[in-house]
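# Fold and contact review
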Amino acid sequence: MLNLQRLEIFVAVVNAGSFTGAAASLGLTKAVVSFNVKQLESETGVALLTRSTRRLALTGSGERFYQRCQDLLQEAEAVLDDVRRDHGGLSGQLRITSTPEYGARVVVPALAAFAALHPQLRIQHVASSQHDDLIAGRFDLAIRLGQLADSSHHAATLGSFEIRPVASAQYLQQAGKIETLAQLAQARWIAHSRLPLPMNWPVTDRAGKPNPFRVTTPPAIVADSASALLAFALAGAGVALLPDWLVQLEIDAQRLCPLLPDHRFPPQGIFALYPNTRHVPEKVRRFIDFLQSRLALFPAQAKI
């Protein structure tokens, strides 16, 4: 009979890429981690990992076993969640990831309120500008912004927000006024590293007429987070296309100027993404419902 704790140790080794990293993440000694992996290989009768002085790698059998282990661990956690819920509410761990900016403004306050309702539930929030893999990162839930790419995961729509081109008065004094889409396309751009190049957007004017917008020149500056783009724009480095919930306070304080306010870029979605498993944990369903209700009750939080 397979030992679930042993499976969890094996998965941690693969995710960390080393026995040392897995030991640190699990709070075990390296010797205990190594022993359990060796025992697992002995029980299965196959080599799961190839070891060298520099790195660990999965064998072909190990790769297939790793995928099945993740499924088994998720199913086991879901069963435990159901049993625990029948005896005093949600418990276990809810591991969730979001961008640092939207996380701090919306997700973390919602998690704090949700945790207060379920004191036996352990919350782990990971802020990342990267679209971390839900399965490899063992995330129950990811809050994603923008346009949702094709995915094997389930997704629930939470809301939407606008994106606005903005620049500082300092930049506009140097570069000149921007009054047309053509002038905007020729501006000095600060771009997010996840945006496609060239940047291509269907923009509508005040009358609702579609106008193609295309930036063909490479951006002057590229950064991997919205907060970095905002900082560059505030420093007068150029034009950035940013969420309204992030820039509205800066516009109100006249630290940034909205460009072509009579034009509208495509609205962006707010999504809750969760693994496509046969059994969706109750804690995931309940938090999605909680966040949807919170954003519906306080719609400004979706756009802050």
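Everything numeric in this text was worked out from a predicted model, so none of it was measured.

Looking now at the nonpolar core. Among the nonpolar cores identified, the biggest contains 63 residues, and Leu 184, Phe 213 and Phe 287 are the most heavily contacted of them. Leave out the neighbours within four places in its chain, and Phe 213 touches Leu 181, Leu 184, Ala 185, Trp 189, Met 199, Asn 200, Trp 201, Val 203 and Phe 265.

Now for the pattern of salt bridges. When charged atoms on two side chains of opposite charge get close, those side chains can pair. Applying the stated criterion to the full structure yields 7 salt bridges. Measuring nitrogen to oxygen at the nearest pair gives 3.9 Å for the salt bridge that ties Glu 8 to Arg 138. Remark: Arg 138 occurs in the loop between strand E4 (121-127) and strand E5 (141-146) and Glu 8 occurs in helix H1 (residues 4-16); sequence separation between them is 130 residues. Through salt bridges with shared partners, a single ionic network connects Glu 282, Arg 285 and Arg 286.

A few words now on the packing of helix H8 (residues 226-234) against helix H9 (residues 244-252). Packed helix pairs are characterised by how far apart their axes lie and by the angle those axes make with each other. The geometry of H8 relative to H9 is characterised by a closest axis approach of 11 Å and an angle of 25° between their N-to-C directions. One way to sum up the angle between H8 and H9 is to call them roughly parallel. Crossing handedness for the pair H8 and H9: right-handed. Here Ala 226, Ser 227, Leu 230 and Leu 234 of H8 lie close against H9, whose contacting residues are Leu 246, Val 247 and Glu 250. By residue class, the composition of the contact of H8 with H9 is 5 nonpolar, 1 polar and 1 charged.

Turning our attention to the packing of aromatic side chains. Under the counting rule described, the total for this entry stands at 9 aromatic pairs. Between Phe 114 and Phe 287, the aromatic rings sit 5.2 Å apart at their centres with planes inclined by 70°, giving edge-to-face as the arrangement. Within this pair, whereas Phe 114 is found in helix H5 (residues 100-117), its partner Phe 287 is found in helix H10 (residues 282-297), the two being separated by 173 residues in sequence. Considered together, Phe 114 and Phe 287 belong to a single accessibility category, that of buried residues. Relative to Phe 265, the ring of Trp 201 has its centre 6.3 Å away and its plane inclined at 70°; by these criteria the two rings are edge-to-face. One end of the pair, Trp 201, is in strand E9 (residues 199-204); the other, Phe 265, is in the loop between strand E13 (257-258) and strand E14 (268-274), with 64 residues separating them in the sequence. Exposure class is identical for Trp 201 and Phe 265. Each is buried. Chaining the aromatic ring pairs together yields one cluster made of Trp 189, Trp 201, Phe 213 and Phe 265.

On to the sheet that holds strand E8 (residues 189-192). Overall, mixed pairing links the 5 strands, which are arranged E11-E8-E12-E7-E13 in an open sheet. Since the sheet does not close on itself, it has two edges, and those belong to strand E11 (221-223) and E13, each with one partner. Pairing of E8 with strand E12 (residues 239-243), which is carried by 2 bridges, proceeds in the parallel orientation. Bridge pairing in E12 places Trp 189 opposite Val 239. Contacts between H8 and the sheet are confined to E8, E11 and E12, with E8 contributing the most and set at about 170° to the helix.

Here the focus is the sheet that holds strand E6 (residues 154-161). Taken in spatial order, the 5 strands line up as E4-E3-E5-E14-E6 in an open sheet, and their pairing is mixed. Two strands in the sheet have a free side with no partner beyond their single neighbour: E4 and E6. Across the sheet, the axes of successive neighbouring strands diverge by a mean angle of 20°, strand direction being ignored. Contacts between H10 and the sheet are confined to strand E3 (92-98), E4, E5, E6 and E14, with E6 contributing the most and set at about 15° to the helix.

Right, let's talk about the confidence of the model for the protein for a bit. A residue-level look at the protein finds 92% of positions with pLDDT of 70 or above and a mean pLDDT of 88. Across the protein, element-level confidence peaks in E13 with a mean pLDDT of 98 and bottoms out in helix H11 (residues 300-303) with 52.

This part takes up the pairing of E3. Each regular strand displays side chains that alternate between the two surfaces of the sheet. Counting buried positions along E3 yields 6 of 7 residues, so the element is predominantly enclosed. Where E3 meets E4, 7 bridges bridge the pair, whose relative direction is parallel. For Gln 93, the partnering residue across the bridge sits in E4 and is Arg 122. The parallel pair E3 and E4 is bridged by H5, and the resulting crossover is right-handed.

Reading the values: rules and limits
The residue count restarts for each chain, going from 1 along the sequence in the order it is written. Totals for whole chains, interfaces and linings use all residues, but because this is a predicted model, local features are given only for residues with pLDDT of at least 70 and pairs of side-chain atoms are given and counted only at 80 or more. No hydrogens and no water enter the side-chain calculation; it runs on all heavy atoms of the structure. Remark: nonpolar core denotes a set of buried residues (Ala, Val, Leu, Ile, Met, Phe, Trp, Tyr, Cys) joined through side-chain atoms within 4.5 Å. In this scheme, a residue with accessible area under 20% of its type's maximum is buried, one over 50% is exposed, and one in between is partly exposed, where area comes from a 1.4 Å probe on protein chains only. Note on contacts: a residue pair is in contact if any heavy atoms of the two residues lie within 4.5 Å. What makes a salt bridge here is a side-chain nitrogen of Lys or Arg within 4 Å of a carboxyl oxygen of Asp or Glu, nothing more. For helices the rule is a DSSP run of H or I covering at least 4 residues; for strands it is a run of E covering at least 2, with both sets numbered from the N terminus onward. A fitted line through C-alpha atoms represents every axis, and for helices the fit uses only the stretch in contact; the resulting angles, taken between N-to-C directions, go from 0 to 180 degrees. When describing relative orientation, an angle under 35 degrees is termed roughly parallel and one over 145 degrees roughly antiparallel, while 65 to 115 degrees is termed roughly perpendicular and anything else oblique. Each crossing gets its hand from how the near helix is turned against the far one by less than a right angle, where anticlockwise is left-handed and clockwise is right-handed. As a working rule, the residues Ala, Val, Leu, Ile, Met, Phe, Trp, Tyr, Cys and Pro are called nonpolar, Asp, Glu, Lys and Arg charged, and the rest polar, with Gly in that last group. Side-chain rings of Phe, Tyr and Trp (the six-membered ring for Trp) are treated as a pair once their centres are within 6.5 Å; stacked means planes under 30 degrees apart, edge-to-face means over 60, and tilted covers the remaining angles. When DSSP finds at least two bridges between two strands, those strands are taken to pair. Along the chain, pLDDT gives the predictor's confidence residue by residue, from 0 to 100. When the strands point away from the viewer, a crossover counts as right-handed if the route from the first strand across the helix to the second turns clockwise.

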